[in-house]
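Chain and residue survey
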Amino acid sequence: MIKKILLSAFLLPAAMAFAQQYGGMWIPTELNEKEMKDLGMKISAKDIFNPQKASIKDAVVQFNGGCTAEIISPKGLLLTNHHCGFGQIQAHSTVQNDLLSNGFWATNMSAELPNPGVTVDFIVDIKEATDQILEGTDNLTEPELSKKISNNIEVYKNSQKIENYQSISVKPMYYGNKYYAYTIETYKDIRLVGAPPQSIGKFGSDTDNWVWPRHTGDFSMFRIYADKNNKPAEYSKDNVPYVPKHFLPVSIKDKNENDFTFVFGFPGKTTEYLPAIAVEKIMTEIDPAKIAVRDVALKTLDEKMRVDNATRIKYASKYASVANYWKKWIGEVEGLRKSNAVEKKVMYEGSLVAKNSEIKTTLDQLNKLYTEQAPYALNNAYYSEVIRNAETLALANIYSNYITAVEAGRMDEKGIAALKSKLTSFYKDYSPELDAKVTAKLLALYANKTAPQFLPAGFDKFKNETQNIQNIEEISKNSVITGRAAVNGASLSADIDKAFSNQDKLVKTLKKDPVYQLFANIKDTYTKTADPQFSSLQTKIDALQKKFMQQQITTDKERKFFPDANSTLRVTYGKVKGSSPRDAVSYGYQTHLAGVIEKYVPGDYEFDVPKKLIDLYNKKDFGNYKDKGGDVPVGFTATNHTTGGNSGSPALDAYGNLVGLNFDRQWEGTMSDINYDPRFSRNIMVDTKYILFIIDKFADSKWLIDEMKIIK
Ligand code: ARG
Ligand code: ASP
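Everything numeric in this text was worked out from a predicted model, so none of it was measured.

**Some points on the pairing of strand β3 (residues 77-80)**
- Along β3, one buried face is formed by Leu77 and Leu79 and the opposite face, lined by Leu78 and Thr80, is buried too.
- In this structure, strand β2 (residues 67-71) lies alongside β3, joined through two bridges in antiparallel fashion. Pairing of Glu70 across the sheet is with Leu79, part of β3.
- Both β3 and strand β10 (residues 220-226) contribute to a ladder of four bridges, which runs antiparallel. Each bridged residue has a counterpart across the sheet, and for Leu78 the counterpart in β10 is Phe222.

**Details of the site of ligand 1**
- Taken together, His83, Ser205, Asp206, Asn209, Trp210, Ala320, Asn324, Ser647, Phe663 and Asp664 are the residues near ligand 1.
- Asp206 places a side-chain nitrogen or oxygen 3.2 Å from a nitrogen atom of ligand 1.
- In the environment of ligand 1, a nitrogen atom lies 3.2 Å from a nitrogen or oxygen atom belonging to the backbone of Ala320.
- Looking at the shell around ligand 1, the elements with two or more residues in it are α10 (205-208), α12 (309-338) and β20 (658-665).
- Of the residues that constitute the shell around ligand 1, the class distribution is three nonpolar, five polar and two charged.

**A word on the site of ligand 2**
- Around ligand 2, the neighbouring residues are His83, Trp210, Thr643, Gly644, Gly645, Asn646, Ser647, Phe663, Asp664 and Arg665.
- Contacts to ligand 2 include Gly645, whose backbone N or O atom sits 2.6 Å from an oxygen atom.
- In this structure, a nitrogen atom belonging to ligand 2 sits 2.9 Å away from a main-chain N or O atom of Phe663.
- For ligand 2, the protein covers 92% of the area, taking 280 Å² as the surface of the free molecule.
- Counting residues per element, the shell around ligand 2 draws most heavily on β20, which supplies three residues.

**Notes on α12**
- Counted at 1.5 Å a residue, the expected span for α12 with its 30 residues is 44 Å, and the 40 Å between its end C-alpha atoms agrees.
- Along α12, the helix axis deviates most sharply at Tyr315, where the bend reaches about 55°.
- Looking at the residues trailing α12, positive phi occurs at Asn340, about 50°.

**Considerations on the pattern of salt bridges**
- Tallying each qualifying case throughout the model produces 38 salt bridges.
- One salt bridge in this structure joins Asp208 and Lys599, with 2.7 Å as the shortest N-O distance. One end of the pair, Asp208, is in helix α10; the other, Lys599, is in helix α23 (residues 593-599), with 391 residues separating them in the sequence.
- Classification of Asp208 as buried rests on a relative accessible area of 6%.
- Judged by relative accessible area, Lys599 falls into the partly exposed class, the value being 22%.
- Between Glu668 and Arg582 there is a salt bridge, with the nearest N and O atoms lying 2.9 Å from each other. Of this pair, Glu668 sits in the loop between β20 and α25 (672-675) while Arg582 sits in strand β15 (residues 579-582), and the two are 86 residues apart along the sequence.

Conventions and cut-offs
- Residues numbered from 1 in each chain as written.
- Chains lettered and ligands numbered in written order.
- Predicted model: local features only at pLDDT ≥ 70, side-chain atom pairs only at ≥ 80, totals over all residues.
- Heavy atoms only, no water.
- Buried < 20%, exposed > 50% of the residue type's maximum accessible area, 1.4 Å probe, protein only.
- Helix = DSSP H or I, 4+ residues; strand = E, 2+ residues; numbered from the N terminus.
- Pairing = 2+ DSSP bridges.
- Near = heavy atom within 4 Å.
- Polar contact = N/O pair within 3.5 Å; in protein donor to acceptor, adjacent residues only side chain to side chain.
- Nonpolar A, V, L, I, M, F, W, Y, C, P; charged D, E, K, R; others polar.
- Areas by Shrake-Rupley, 256 points an atom, 1.4 Å probe, with all protein chains shown as cover.
- Expected span 1.5 Å × (residues − 1).
- Bend = angle between axes of the 7 residues up to and from the residue.
- Salt bridge = Lys/Arg side-chain N within 4 Å of Asp/Glu carboxyl O.

Encoded structure:
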C-alpha cells in the first residue's frame, strides 16, 4: 500500500503536502508571542504564564485528572463542561431526584454539593529538566534506560524545595528527547454549584456529538473550597471558598469571523510525528477493529436503555464514554483519508531523507517493525476493546489481578479497601443480565475476527452469536463475579464486606467460577501468544520513534515543532472560523438559539427542549445576551488545535477575557490528533453569552452572575 501511495503522492500539489497553518499545542513558557500578536493578541506571553506574578494560568486547572476548568469569580467559581461534571451530576441523581434530567442550581453557597474524591490541579511552575533527567543515560538501552530515568526523576523530585501541599510531576516531551517538571497544587474540596438539565447540557447527545453545527449548552459549575489559609484541604463544612490569584473576566461581546482566540488547557494525547506506516495501520486496521467492537456493544446497550429508565440512568455515563471514541475513530479514519494524511507523510519523509540520508535507515527499520507488529497489534486492539466493553470480563479481570496479588503476598488492608470501593462503584452501574448479552455478542465477534493462533483451543464454539447469548446467560447466572451467585453467604454486588469475609474461600470460589475460567482462558492465550511480541516490538518502535523525532527536529529547520500532547498545560491559538468540509457544503462559525428550536423533537431523549427555554425563545426574553442579529449565540468554531482533555478549557480573546468554553471538535477534522489540517480541523465552543443566558434567564441564578466580572 505504501508503494502505491508513494506514486499518488507525487500527484498532490506540493503546497498541500506541507501547508501547516497554525495548529500546535505550545508549552506556556515557550509561546510564539510574535505570531500570536500578529494574529491579533493584545496581551503578552507573560500575562498568560508567569510563575512570579498572578497571570492567566492561575485561573486554569486540570479538573479531576482529565478535563480542564477555569475560575470565573473571586470566590473560586469554576466553569467546566457538563460532560466533564457528568459523573458527579449522575452520582447525585436518583430516579426520584434526577439531576441529569432536571438540572441543579444551588440557591446559595450552603446548598452546593460536595464530591468526595474530585480534585483540581493548579500548575504553579514549569521548568525544563532535560539535563538532570537524561544524565548518565547516553549509552544505555532498555530496560536499563527506563530504570536510570526513573531513578533520575526521583533524585530530581527530592532535590526540589516545595510546600507540603505541592507535588512535582516530571513529563517526557518529544518522545523522551526532553523532560519538563511541573509544580502542582491540588485542591480537594470541590462542590457542585450548577448544571443545566441534560436537554441543554447534553442537547443532541450522541447524534450531535463531534458534529457541527452544534447547539449543546455543554457546561456545569463547581466551586473550589480551601482551608482558612486558602490552602488545599480535604472536604470540611468549615472550608471556605477559594480566593484565586487570578480569575477570568467573562466577555459578552459579539464575535466576528477571524477574531483571535486562544485555548488554554490540558490536552491529553496526540501523535503528530508518526511515520506514514503507523498512520496507515491506524487508518486501515486498528481504528476499524476498535470501531467494530464498540458498534456491537453500543447497539446492545441502546436497545435496553431506550425502553427502560433505570437502565438509562445506570448506563448513561458509560454509554456516552463508549460512544464518544467510537464516533471519533469513525471521523478520524475518514479525515485521515480525506486529508491524504499517509500521502502527505510519505512525501514529507521523502523530503527529510533528501536532506539527511540517515533518516532512511530509521524509516526502513520503522517500516519493518510496524509490518512485523501488525498482526499482534490487531489482536491487542480487539482484546483490549473486548475486555473493556464486555463488562463481565472486565470484572473477571479485576478479580484475576486480585488473585495474582494475593498469591504473590502483595495484598494488604489498604489494597483490599481500595479494591472493595472500586468494585462497589462498578456494581452500582452494572446490569449482569444486560451485560451477559453484550459479553456474548463480543465473544462471538472476537472468535470470528481473531486469527486462530491467538485463540484458546476450542474457541470455535463461540462463533455463533445466538448460541452464545444462551450460553453466557447460563454462565453469568451461576457466577459469583456477576453477583448473581453467592460466596461466603453473600452476593459480591449486594454485600461486599460479607462476600470478602473469608478471603481463602473467596479465592477458591473465584478460581472455580465459570466466568473466571472463561476469562482466564482468553487472557492466558493472549498473554502467551500476542502480548510478548506486541510489547517487545513496541519497545523497539518507541526507541526508534524517539530517534525519528530528533531527526525531524534537526533536519527540518523551517518547521516550528511543539511536543505532542501529554496531559500537560498547553496553549493553542487560532481564529474564529467556519469551514467548507465537503463539496458545496459550507459552515458558518456561529449557531443560535433558533437552531436549538429547529432541532427540537418533543419527548425525544436527545433533542427534547425544556419548556422554559422555548418560552424564553418565544418571548425573545434574551436580556443582555443577544447578538447583533437579535438571537442568543449558542456555539462557535475556531481553528484552535485541541484534543481530548481540552474539554472545559477556556477560549480567550485578544485581551485574555473568556469568550467561550471548549468542548468538542468538528467531526471532519478529528484526525487532528494525528494530522492537523487547517482546512477541516475546528474546535467547538459554547458561547459565553449562552452560558450566562442559561444561568441568568433559564436558571434564575443571578447571584452567580453577580460574582463574575462581565465585559460588555
Ligand atoms: N466529543 C466530546 C469529547 O470528546 C464530548 C463528549 C461528551 N458527549 C457525549 N455525547 N458523549 O469529549
Ligand atoms: N470532547 C473532548 C474532551 O472531552 C475534546 C476534544 O476531543 O476535542 O476533552
